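# Architecture and fold: a report
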Amino acid sequence: MSEKQKKPQKLRARLPRGFVDRDAADIRAVNEMTAKIRAVYEHYGFDPVETPLFEYTDALGKFLPDADRPNEGVFSLQDDDDQWMSLRYDLTAPLARHVAENFNEIQLPYRTYRAGYVFRNEKPGPGRFRQFMQFDADTVGAAGVQADAEMCMMMADTMEALGIARGDYVIRVNNRKVLDGVMEAIGLGGEDKAGARLNVLRAIDKLDKFGPEGVKLLLGAGRKDESGDFTKGAGLDAEQIEKVLFFVGIKDYAESAADLAKLLEGSARGGEGVEELNQIGHLVTSAGYDSDRIKIDPSVVRGLEYYTGPVFEAELQFAVTNEKGEKVVFGSVGGGGRYDGLVSRFMGQPVPATGFSIGVSRLMTALKNLGKLGQDEVIAPVLVTVMDGDVESMGRYQRFTQQLRNAGIRAEMYQGNWKKFGNQLKYADRRNAPIAIIQGGDERAEGVVQIKDLIEGKRLAGEIEDNTTWRAARVAQISVPEADLVEKVREILAAQAEDRARAG
C-alpha cells in the first residue's frame, strides 16, 4: 500500500517588516501632493530626470558590502559579474553618478528634480520604514550661494503651495563652514580630531529633542535618560561647552553677529561661512522672504558626512498629537545643503552642487493633520448592471458604460456572476456607487434604461417604514430613453454634489 501523499502546505501571505501596502486614498493623496511640488519646481525652471532603483554599491559611497553579506544600511546583491549592486539609499548619490557619467552631454548649471522610493536596510519601528518616497531638487555646476538661496526660497514656496500657512513653517539655514569654524575655536580642528568633532555635532543635533540642558550633558560627560540608559558625551570642558552652547543658542543672527565673529576669530573657514550666510540672508530678504519664512539658525546640523557649505531644513511649527496622546511640534519634513564633494568623487575635479529633499511620507502625514490633503472628492463609479448574459445584451451594457466614460463619468460594467442581481446591488453598496444603470428585456424592447439613484435610495430607506410608502417613493429610480442616459446621469450626480456641499 503506497504511502498517502502529503497535502502541500498553504503559503502564508505576509508583508516584510518595514514595508507597507498603500491603499487608494494614500496613493491619491501622494499624487495630489507631488503634483503641487512638481508644479513649483517646474515654475523655477527645473526639469525632471529619473535614475534606476539599483546602483553599483561603490557609487553610493556610504556603504560597501562585506565579502559574505552587505553592510548594515543598504539592501545589496552580487551581479553575475561579481560586482555588488544596492538599492539606492537616497536620490542624491545616484544623481551624482548620473552627472559624472553624462558630464559632457548635460548643460551646466544642471537644474533637475526627481521623485522616487529609497530603501534603508535598518531596523524598522514606529514611523520608520525600510522603503519610503523622497522628492528632490538639485542644481549642479553653480558655485555661488545664490543657488543655495534659491533652494531655500523654492522650499518656502513649496510649503505654501501645499497649503501650509506662513507661521506654520520656517526654512532654517546654517553653514557647515561656520560649524567647522566653531570646532576650530574650541580646539577640535584637523583630521586627527574628526571623531571628536562628529560627537559634538551629533550632540548639537539633539537640541530640539533634549533642549540646551540635555545638549550640555551630551557635550560633557554624558546623559542618562528616564529609563536609566547612559549615553557617553563628547567630553568637552566647561569653556568649550559654553562656546558651543552660545553658538547654538543664537536666536537673532543679526544681533549676535559681533559675538559670533569674535568666537570665530582666527578661523578662515568659519569667517567664510559667516560671509556666505550673510549673502544668503541678503538675497532672500531682497526677494521678499523675511525671517518668518527663511531664518538663519546656527543650531541646524545636517549631513555630517558630505555637506560642505550652506545647510537648510524645512520645519513645521504647528503641534500635532502623537501616538501617546501628547501635543508635539511636528518638526522637520525635509532639508538639504551644498555637497561640492559628491560629484567630484567620480570626476577628479571640483563640481559644485546644492539641493534639497522632501520626505514625502512624513509631509503627507503633516498635511493630513492640517486637513490640507485628501479633501478632493473621489466619486465611486456608476455601475452598469447586467440583467442578461447573451452577447447582444452584453454589447449594449458595454456601450452604455463607454458612453458614460467618454462623457468623463467614472463607470464600470458589473463583471461578477450576473445571474444573482441582488449581489450586484450589494456590490454597488460596498463600492459606494452613486448610481446603478438597469436594463432588462422589457426596457430593452422599449429602448429605455432604469437609472437608480443609490444615494437618494439610501436616504429614503432610512425614512420609510412600510412597503406602501416605499412604492410611493420611486423617485429614487426613473426610466429614461437610452439617448438621454448620459444627460440624466450628469443631472443626478450634480444634485448629489449639491447635497454633499449643503451637508458641509
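These notes cover the structure that comes with them. (Residues numbered from 1 in each chain as written. Predicted model: local features only at pLDDT ≥ 70, side-chain atom pairs only at ≥ 80, totals over all residues. Heavy atoms only, no water.)

Let us now look at the sheet that holds strand 4 (residues 84-87). Here three strands make up an open sheet; going across it, the order is 2-4-3 and the pairing antiparallel. Of all the strands in the sheet, just strand 2 (54-56) and strand 3 (76-78) have a single pairing partner and so form its edges. Averaged over all neighbouring strand pairs, the angle between strand axes comes to 30°, with direction disregarded. Note: strand 2 against strand 4, three bridges, orientation antiparallel. Looking at the pairing, E55 lines up with S86 of strand 4. (Pairing = 2+ DSSP bridges. Helix = DSSP H or I, 4+ residues; strand = E, 2+ residues; numbered from the N terminus. Axes fitted to C-alpha atoms, helices over the stretch in contact; angles between N-to-C directions.)

This paragraph deals with the side chain of E150. Note on placement: E150 falls in helix 4 (residues 146-161). Filtering out sequence-adjacent residues up to four positions away, E150 remains in contact with Y44, F46, R111 and T139. (Contact = heavy atoms within 4.5 Å.)

Right, let's talk about the packing of aromatic side chains for a bit. Counted under the stated rule, the structure contains seven aromatic pairs. With 5.9 Å between their ring centres and 85° between their planes, Y41 and F356 make a pair best called edge-to-face. Taken together, the positions of Y41 in helix 1 (residues 24-43) and F356 in strand 13 (residues 353-359) put the pair 315 residues apart, joining distant regions of the chain. Overall, the relative accessible area of 0% leaves Y41 in the buried class. Consider the rings of Y414 and Y427, whose centres lie 5.4 Å apart with planes at 70°: the pair is edge-to-face. You can see Y414 sitting in the loop between strand 15 (411-413) and helix 14 (421-431) and its partner Y427 sitting in helix 14, a full 13 residues away along the chain. According to the relative accessible area criterion, Y414 is buried, its value standing at 11%. For Y427, a relative accessible area of 24% puts it in the partly exposed group. Among the aromatic side chains, those forming a connected cluster through ring pairs are Y41, Y113, F135 and F356. Taking NZ or CZ as reference, R120 lies 3.9 Å from the ring centre of Y89, over its face. (Phe/Tyr/Trp six-rings, centres within 6.5 Å; stacked < 30°, edge-to-face > 60°. Buried < 20%, exposed > 50% of the residue type's maximum accessible area, 1.4 Å probe, protein only. Lys NZ or Arg CZ within 6 Å of the ring centre and 35° of its normal.)

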